[in-house]
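Working through the structure, step by step
Listed here are the chains, written in short residue letters.
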Amino acid sequence: MKQLNRTTVKSFILLGLSTIPHLQAIYFLLFFIIYIITLSGNVLLIVVVRLRSCLHTPMYFFLPNLSFVDICFSSTIVPKLLPKLLVNTLSQDKSISFIGCASQMYFSLALGATECITLAMMAYDRYVAICNPLRYQIIMNKKLCVCLAAFSWIVSFLNAVIHAAFTFQLPYCKSHHVSHFFCEMPPLFKLSCQDTFFNEVAVYISGGIIALCSFLLTIVSYFRIITTILKIRSTNGRYKAFSTCASHLTVVSLYYGTIMFMYLRPRNSYSPDRDRAIAILYTVVTPMLNPIIYSIRNKDVKGTIKQKFSRIVNE
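How each quantity is defined
- Residues numbered from 1 in each chain as written.
- Predicted model: local features only at pLDDT ≥ 70, side-chain atom pairs only at ≥ 80, totals over all residues.
- Heavy atoms only, no water.
- pLDDT = per-residue confidence, 0-100.
- Helix = DSSP H or I, 4+ residues; strand = E, 2+ residues; numbered from the N terminus.
- Contact = heavy atoms within 4.5 Å.
- Salt bridge = Lys/Arg side-chain N within 4 Å of Asp/Glu carboxyl O.
- Buried < 20%, exposed > 50% of the residue type's maximum accessible area, 1.4 Å probe, protein only.
- Pairing = 2+ DSSP bridges.
- Axes fitted to C-alpha atoms, helices over the stretch in contact; angles between N-to-C directions.
- Phe/Tyr/Trp six-rings, centres within 6.5 Å; stacked < 30°, edge-to-face > 60°.
- Parallel < 35°, antiparallel > 145°, perpendicular 65-115°, else oblique.
- Left-handed = near helix turned anticlockwise from the far one by under 90°.
- Nonpolar A, V, L, I, M, F, W, Y, C, P; charged D, E, K, R; others polar.
- Patch = residues over 30% accessible without salt bridge, like charges linked within 9 Å, V, L, I, M, F, W, Y side chains within 5 Å.
- Areas by Shrake-Rupley, 256 points an atom, 1.4 Å probe, with all protein chains shown as cover.

**Description of the confidence of the model for the protein chain**
Looking at the protein chain, pLDDT values average 82 and 85% of them are 70 or higher. Model confidence for the protein chain, summarised as mean pLDDT per element, is weakest for helix α1 (residues 2–8) at 46 and strongest for helix α7 (residues 142–167) at 95. In the model, residues 1–7 has pLDDT below 50 throughout and makes eight contacts with residues more than four positions away in sequence or in other chains. Taken as a whole, residues 81–86 scores under 50 in pLDDT and shows 14 contacts with residues more than four places along the chain or in a different chain.

**Let's talk about the pattern of salt bridges**
Under the definition given, this model contains two salt bridges. Close ionic contact of Arg 126 with Asp 125 constitutes a salt bridge, the shortest N to O distance being 3.0 Å. For Arg 126, a relative accessible area of 8% gives the class buried. Overall, Asp 125 belongs to the buried group, its relative accessible area being 2%. Of the charged contacts, one joins Asp 275 and Arg 274 as a salt bridge, the two residues approaching to 3.6 Å between their closest N and O atoms. Judged by relative accessible area, Arg 274 falls into the partly exposed class, the value being 37%.

**Brief notes about the sheet that holds strand β2 (residues 95–97)**
Spatial ordering of the open sheet is given by β2-β1-β3, a layout of three strands whose pairing is mixed. If you trace the sheet from one side to the other, it starts and ends with β2 and β3 (177–178), each paired once. Across three bridges, strand β1 (residues 11–14) lies against β2 in antiparallel orientation. Across the sheet, the residue bridging to Ser 11 is Ser 97, located in β2. On top of the sheet, helix α5 (residues 98–131) reaches β1 and β2; it is set at about 85 degrees to β2, its chief contact.

**Some points on the packing of aromatic side chains**
Here a ring pair, both rings aromatic, is described through the centre-centre distance and the interplanar angle of the planes. Tallied over the entire structure, the rule returns 14 aromatic pairs. Between Phe 168 and Tyr 172 the ring centres are 6.4 Å apart and the planes differ by 55 degrees, which places this aromatic pair in the tilted class. Each member of the pair, Phe 168 as well as Tyr 172, is classed as buried. Pairing Phe 215 with Tyr 256 gives two aromatic rings, centres 5.7 Å apart and planes at 70 degrees, and the pair type is edge-to-face. Taken as a pair, Phe 215 in helix α9 (residues 197–230) and Tyr 256 in helix α10 (residues 235–263) lie far apart in primary sequence, 41 residues in all. Taken together, the ring pairs connect Phe 68, Tyr 106, Phe 107, Trp 153 and Phe 157 into an aromatic cluster.

**Structural notes on the packing of α5 against α9**
One can describe the packing of α5 onto α9 by two numbers: an axis separation of 9 Å at closest approach and a directional angle of 20 degrees. Considering their axes alone, α5 and α9 lie roughly parallel with respect to each other. Note that α5 runs across α9; the crossing there is left-handed. Side by side, α5 and α9 meet where Ala 113, Cys 116, Ile 117, Leu 119, Ala 120, Ala 123, Tyr 124, Arg 126, Tyr 127, Ile 130 and Cys 131 of the first sit next to Ile 210, Ala 211, Ser 214, Leu 217, Thr 218, Ser 221, Tyr 222, Arg 224, Ile 225, Thr 228 and Ile 229 of the second. A per-class count over the contact of α5 with α9 returns 16 nonpolar, four polar and two charged.

**Section: a nonpolar patch on the surface**
A contiguous nonpolar patch, built from Leu 29, Phe 32, Ile 33, Ile 36, Ile 37 and Ile 292 and spanning about 470 Å² of accessible area, is present on the exposed surface. In terms of residues, the nonpolar patch owes the most to one element, helix α2 (residues 21–51), which gives five residues. Position of Phe 32 relative to the elements: it lies in helix α2. Among the residues examined, Phe 32 registers a relative accessible area of 33% and is labelled partly exposed.

What follows is the structure, encoded as structure tokens:
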């Protein structure tokens, strides 16, 4: 019977955020605007860093990488793969194929983990820059930056392969209606008529290794950073150092908090409405905020944008 159920599942039904027509229209407009801002902001940040030679430093090496991850992450989740942008919100046909669901979950897991590790690496970069400024260029050399970036992508995509394989080997015989706006593990586990304890333990293990370790590395890095900043005698110097790290810490707090809530919690605490709201924060809102926060709080990025814009206007 289990084998039959595995082979007969051809699609899932994504229930989305709401079944109320006027709310669907509001959600469509809201997510469409957010998605356009996400694409525009992240592409702009990548272009700015590439165009200005003074930004070709270790500090700005991870920014385009993070922006590229956010573009891919948002395009995977909001809410189906392009070009059917946000079709689940308005269309009566909310189905997604078995392969489409597996692909969406795989890429969302891989890109989400990549962002986790990348944020931790950026915290370490700030730690070296502030706590070891004289050795910064030696420690954070180009080879190390490339290796760290490659490590984040390889580990994350290998981790996603394991979870996708385990999840889509489950027999889905309870229902094909996913109480979510995209394919994610917790709501899919609820549809299986087989005990998912092994899958959930695998989530805890990988979540502990990737999300929790990345978070702890970030916390340790910022603890050392704050300790060093407090030793600065100049008030202006302390302000500048805190300002440099504030944008990264803002993103980290929002992203890690929601990710760990979703994947490192008791197995019986799943709540469809609450979890959909939490998922919106790290899949939709954070990718939009990243380029805004980094651009607004970074004078080099702002200066480059103003310079290029003024040159275009004058021409």
